[in-house]
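Secondary and tertiary structure notes
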Number of protein chains: 2
Amino acid sequence: MASITRRPAADPSRRAAVEADVLAATERLLAGGARFTELGVQRIAAEAGVARSTFYLYFRDKTELLLRLAATLGDLAYGMVGTWSPAAPDALDRLAATLLEVVRFYRDRRHVLAAVLEVAGYDRVINEFWEAQLGLFVARAEELLLAEQQAGRAPADLHAATASRVMIWGGMRVIADQVANRPAEEDAAAARELAANEWWGAFRRPES
Amino acid sequence: MASITRRPAADPSRRAAVEADVLAATERLLAGGARFTELGVQRIAAEAGVARSTFYLYFRDKTELLLRLAATLGDLAYGMVGTWSPAAPDALDRLAATLLEVVRFYRDRRHVLAAVLEVAGYDRVINEFWEAQLGLFVARAEELLLAEQQAGRAPADLHAATASRVMIWGGMRVIADQVANRPAEEDAAAARELAANEWWGAFRRPES
DNA sequence: ATTCCGTCGGACATAGTGTCCGACAACATG
DNA sequence: CATGTTGTCGGACACTATGTCCGACGGAAT
């Protein structure tokens, strides 16, 4: 009973340190070529220098581990594209530059991105997480497209909701493939093609 | 010893029938909302009215089962797009019509498509299978784009290889999402957006 | 020295995979 | 009818992984 006042509740920075060790160990293993699915808790715990049972003191299960790894995947990239506007005179060049930033961002985190996409295929929690992330991008794209249509710069018969999904879902798939399987030197070319595709395919699609 | 000549090697149509039962049972379970990953061999065998051990007399493992289910996924759709040519006067309308065909084709087989994409995330064999399928489409798109550039109808500074990947990888992701999560009534609108995106984003991208 | 905390290490129940084998019924042959 | 062959069944087995649980232990505060 007296212990409640006596103990100042264990050092929280220590707990955070162990957690960080586990996250870092997982990233290391992913970077080493392992797939998240075939990565056992045993292996992760060993790499982090911790008992397997201790893993479960920090994470409910592997899903929660992945969620924490992925926490910053969407937000930061969203901030990057948030600054782009299709109204600027050099909007296409700026779009290409922005997308290159995004590609490089995901290249840094390509192992985590690959793990999320891998697990999203069969795990509902991860799938919902990723859909929610992409949903933000889709909503933003739709907002911009509608504004362009209002201003008469994008064709009125363009279906903004669908076009947004095409841009974001399709674009993200290409980026994922780019950072997972293509050399970094091609990133700029990929970003430029992606930008041109979105620009002339939607924002400045000619009237037909 | 004599048996080798005496027995004319069991009725092959019977064997094919059991195999078909297992494939049909799997499709039924997938259509019922189960994910391929969480579908045990036990469950599949039971649904097909066959012992679990018998399953292994017909399929080496679950991967082979999925490969057989997926066998016709790419080929047929490839035949559809093979007839389209960007040189025709009404090429954009025809592209939309072709893509609508493709979307409907995959809608029919959406559970198998979803299973392939789900497993491709973590299984190398399925992943290679799917990459090979898409590779055909990418090659075809690149061929068409190069021809358009030669003819001066597509901009010379377009990077055909990258643009093809954007079209196919991005486009397939959109189609997969469309047939898995969107109502069939929207299929035509999606096909039209996809067509316009590819047409103005690549084949008839304005010079910038 | 005592008390408490977090970690360890390992046992446990559960569940799935792929292999193996003996039992058995169906059926064509002699 | 008796026999041998076939394909399927049903279940045991070894293996791997997950997530839970608990007693043991060592370090740190009192």
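Residues numbered from 1 in each chain as written. Chains lettered and ligands numbered in written order. Predicted model: local features only at pLDDT ≥ 70, side-chain atom pairs only at ≥ 80, totals over all residues. Heavy atoms only, no water.

**Topic: the overall build of chain A**
Looking only at helices and strands, chain A features 11 helices and 0 strands. Overall, chain A shows an N-to-C arrangement of helices and strands of α-α-α-α-α-α-α-α-α-α-α. In terms of overall size, chain A is more extended than a compact globule, its C-alpha atoms giving a radius of gyration of 21 Å where 208 residues would be expected to give roughly 17 Å. Each principal axis of the C-alpha distribution contributes one length, and for chain A these read about 75 × 40 × 30 Å. When the 208 residues of chain A are sorted by exposure, 49% land in the buried category. The contacts in chain A between residues at least 6 apart in sequence include a share of 67% that link residues at least 24 apart. A total accessible area of about 10,300 Å² is found for chain A, and carbon and sulfur atoms account for 52% of it. In chain A, 25 positive and 28 negative side-chain charges are present, and the distance between their average locations comes to 6 Å. (Helix = DSSP H or I, 4+ residues; strand = E, 2+ residues; numbered from the N terminus. Rg over C-alpha atoms; globule rule 2.2 N^0.38 Å. Buried < 20%, exposed > 50% of the residue type's maximum accessible area, 1.4 Å probe, protein only. Contact = heavy atoms within 4.5 Å. Areas by Shrake-Rupley, 256 points an atom, 1.4 Å probe, with all protein chains shown as cover. Lys, Arg positive; Asp, Glu negative; His and termini not counted. Charge placed at Lys NZ, Arg CZ, Asp CG, Glu CD.)

**Considerations on the relation of the copies chain B and chain A**
Structural alignment of chain B on chain A gives an RMSD of 0.0 Å, achieved by rotating through 180° and translating 0.0 Å along the axis. As the rotation angle and translation indicate, the two copies are arranged about a two-fold axis. Measuring from the rotation axis to each C-alpha of chain B, the shortest distance belongs to B:G170, at 1.7 Å. Mapped onto chain A, 100% of the interface residues of chain B are again interface residues, and the two copies thus contact each other with one and the same surface. (Least-squares fit on C-alpha atoms with pLDDT ≥ 70 in both.)

**What to know about the packing of aromatic side chains**
Counted according to the given criterion, the structure contains 15 aromatic pairs over all chains. With a centroid separation of 6.2 Å and 75° between ring planes, the pair formed by B:W84 and B:W199 is classed as edge-to-face. Of this pair, B:W84 sits in the loop between helix 6 (73–82) and helix 7 (91–108) while B:W199 sits in helix 11 (residues 187–203), and the two are 115 residues apart along the sequence. With respect to class, B:W84 is no different from B:W199; both count as buried. Through successive ring pairs, a cluster of aromatic residues spans A:F55, A:Y56 and A:F59. Over the ring of A:F36 we find A:K62; its NZ or CZ atom is 5.0 Å from the centre of that ring. (Phe/Tyr/Trp six-rings, centres within 6.5 Å; stacked < 30°, edge-to-face > 60°. Lys NZ or Arg CZ within 6 Å of the ring centre and 35° of its normal.)

**Topic: the environment of A:A31**
Mapped onto the fold, A:A31 is located in helix 2 (residues 12–31). C-alpha of A:A31 to C-alpha of A:E198: the two residues are 167 residues apart in sequence and 31 Å apart in space.

**Quick word on the UniProt feature "domain: HTH tetR-type" (unreviewed entry) in chain A**
Per the UniProt record, "domain: HTH tetR-type" (unreviewed entry) is found at residues 16–77 of chain A. Secondary structure across residues 16–77 of chain A comprises 73% helix and 0% strand; the distance between its end C-alpha atoms is 25 Å. (UniProt positions renumbered as here; feature names shortened; annotations may be inferred.)

**A look at the domain arrangement of chain A**
Residue and element names in this part refer to chain A. Domain annotation of chain A identifies domain 1 (3–59) and domain 2 (71–203). On the side of domain 2, 6 residues touch domain 1, which itself brings 6 residues to the contact. In terms of surface lost to domain 2, no three residues of domain 1 exceed L30, F36 and T37, which account for 68% of the buried area on that side. Joining domain 1 to domain 2, the criterion identifies 3 residue pairs in polar contact (both at pLDDT 80 or more). (Domains from an automatic or database assignment. Buried area = accessible area lost by both parts, 1.4 Å probe. Polar contact = N/O pair within 3.5 Å; in protein donor to acceptor, adjacent residues only side chain to side chain.)

**Here's the deal with the packing of helix 10 (residues 160–181) of chain A against helix 11 (residues 187–203) of chain A**
All names here are of chain A. At a minimum axis distance of 11 Å, the contact between helix 10 and helix 11 shows a crossing angle of 170°. Regarding the angle of helix 10 to helix 11, the classification is roughly antiparallel. Residues M167, G171, V174, I175 and Q178 of helix 10 form the contact with helix 11, whose participating residues are D187, A190, L194, E198, A202 and F203. Residue composition of the contact of helix 10 with helix 11, by class: 7 nonpolar, 2 polar and 2 charged. (Axes fitted to C-alpha atoms, helices over the stretch in contact; angles between N-to-C directions. Parallel < 35°, antiparallel > 145°, perpendicular 65-115°, else oblique. Nonpolar A, V, L, I, M, F, W, Y, C, P; charged D, E, K, R; others polar.)

**Quick word on the pattern of salt bridges**
Here the structure, examined in full by the defined rule, presents 22 salt bridges over all chains. Between A:R107 and A:D187 there is a salt bridge whose closest N-O contact spans 2.7 Å. In this pair, A:R107 sits in helix 7 (residues 91–108) while A:D187 sits in helix 11, placing the two residues 80 residues apart along the sequence. Accessibility expressed as a relative area gives 1% for A:D187, which makes it buried. B:R60 is the salt-bridge partner of B:E64, the closest N and O atoms lying 3.9 Å from each other. Using a relative accessible area of 22% as the deciding quantity, one classes B:E64 as partly exposed. (Salt bridge = Lys/Arg side-chain N within 4 Å of Asp/Glu carboxyl O.)

**Quick word on the environment of B:A180**
The residue B:A180 is located in helix 10 (residues 160–181) in this model. Separated by 25 residues in the primary sequence, B:A180 and B:P155 place their C-alpha atoms 35 Å from one another.

**Points about the environment of B:G201**
You can see B:G201 is positioned in helix 11. C-alpha separation for the pair B:G201 and B:T37, spaced 164 residues apart in sequence, amounts to 37 Å. The residues contacting B:G201, other than those within four sequence positions of it, are A:A196, A:N197, A:W200, A:G201 and B:A196.

**A closer look at the UniProt feature "DNA-binding region" (unreviewed entry) in chain A**
UniProt annotation of "DNA-binding region" (unreviewed entry) refers to residues 40–59 of chain A when read in the numbering used here. Measuring from the first to the last C-alpha atom of residues 40–59 of chain A gives 14 Å, for a span that is 75% helix and 0% strand.

**Describing the interface of chain B and chain A**
On the chain A side, the residues contacting the 39 residues of chain B number 39 residues. Overall, the association of chain B and chain A removes approximately 3,400 Å² of surface from exposure, summing both partners, and the carbon and sulfur fraction of that is 55%. Contact with chain A buries area across many residues of chain B, yet B:R35, B:R165 and B:E193 alone supply 20% of it, more than any other trio. Where chain B meets chain A, there are 4 salt bridges.

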